[in-house]
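What follows is the residue order along each chain.
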Amino acid sequence: MLARRLRKLNDLETGLGGAIAVMTSEIGRLEKSILLAKAEATAATQALAEEIERAKQERAFWMLQQKFAEPGPQRSNRLQRRRRREGAVVDA
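Conventions used here
Residues numbered from 1 in each chain as written. Predicted model: local features only at pLDDT ≥ 70, side-chain atom pairs only at ≥ 80, totals over all residues. Heavy atoms only, no water. Helix = DSSP H or I, 4+ residues; strand = E, 2+ residues; numbered from the N terminus. Areas by Shrake-Rupley, 256 points an atom, 1.4 Å probe, with all protein chains shown as cover. Patch = residues over 30% accessible without salt bridge, like charges linked within 9 Å, V, L, I, M, F, W, Y side chains within 5 Å. Salt bridge = Lys/Arg side-chain N within 4 Å of Asp/Glu carboxyl O. Lys, Arg positive; Asp, Glu negative; His and termini not counted. Charge placed at Lys NZ, Arg CZ, Asp CG, Glu CD. Buried < 20%, exposed > 50% of the residue type's maximum accessible area, 1.4 Å probe, protein only. pLDDT = per-residue confidence, 0-100.

Helices and strands together make up the secondary structure of the chain, namely 3 helices and 0 strands. Here the chain has roughly 8,800 Å² of accessible surface; of this, 60% comes from carbon and sulfur atoms.

Below you can see the structure in the form of structure tokens.
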């Protein structure tokens, strides 16, 4: 009687053996999915880091352009004061 119950329990289609086989295949499938998700997250992180670096470079370039652009009112006033001190003629 015990042997018969063990056979039913270990049956690969309806018993505990079948449940274990299904769970084993699901674990394998989930492991593959996790590895794929990890690879995609790593790629997305790398792309984001590159985008951030490019944005920093563009900002630095823009700041340099602003620094060396036409003098604004404050810079223009400072230049005029310095020219007066040095005795140069001020263009109006």
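Right, picking up where we left off after that structure.
Together, L2, L6, L9, L16 and I20 give the surface a local cluster of nonpolar side chains, amounting to about 480 Å² of exposed area. Those elements that provide at least two residues to the nonpolar patch are α1 (2-9) and α2 (16-67). Top element by residues in the nonpolar patch is α1. It accounts for 3 residues. The residue I20 is located in helix α2 in this model.

Our next topic: a positive patch on the surface. A contiguous patch of positive charge on the surface is contributed by R81, R82, R83, R84 and R85. For R85, the position within the fold is in helix α3 (residues 73-86). Residue class for R85 comes out exposed when judged on its relative accessible area of 66%.

A separate point is the pattern of salt bridges. Following the criterion strictly, the structure yields 3 salt bridges and no others. A salt bridge links R54 to E58; the nearest nitrogen and oxygen atoms lie 3.2 Å apart. Here E58 and R54 lie together in helix α2, a separation of 4 residues that amounts to about one turn. We classify E58 as partly exposed; its relative accessible area is 47%. Residues joined in a network through salt bridges with shared partners are E51, R54 and E58.

Moving on: the confidence of the model for the chain. Here the chain shows a mean pLDDT of 82. Residues at 70 or above account for 82%. Across the chain, the element-wise mean pLDDT spans from 70 in α3 up to 93 in α2.

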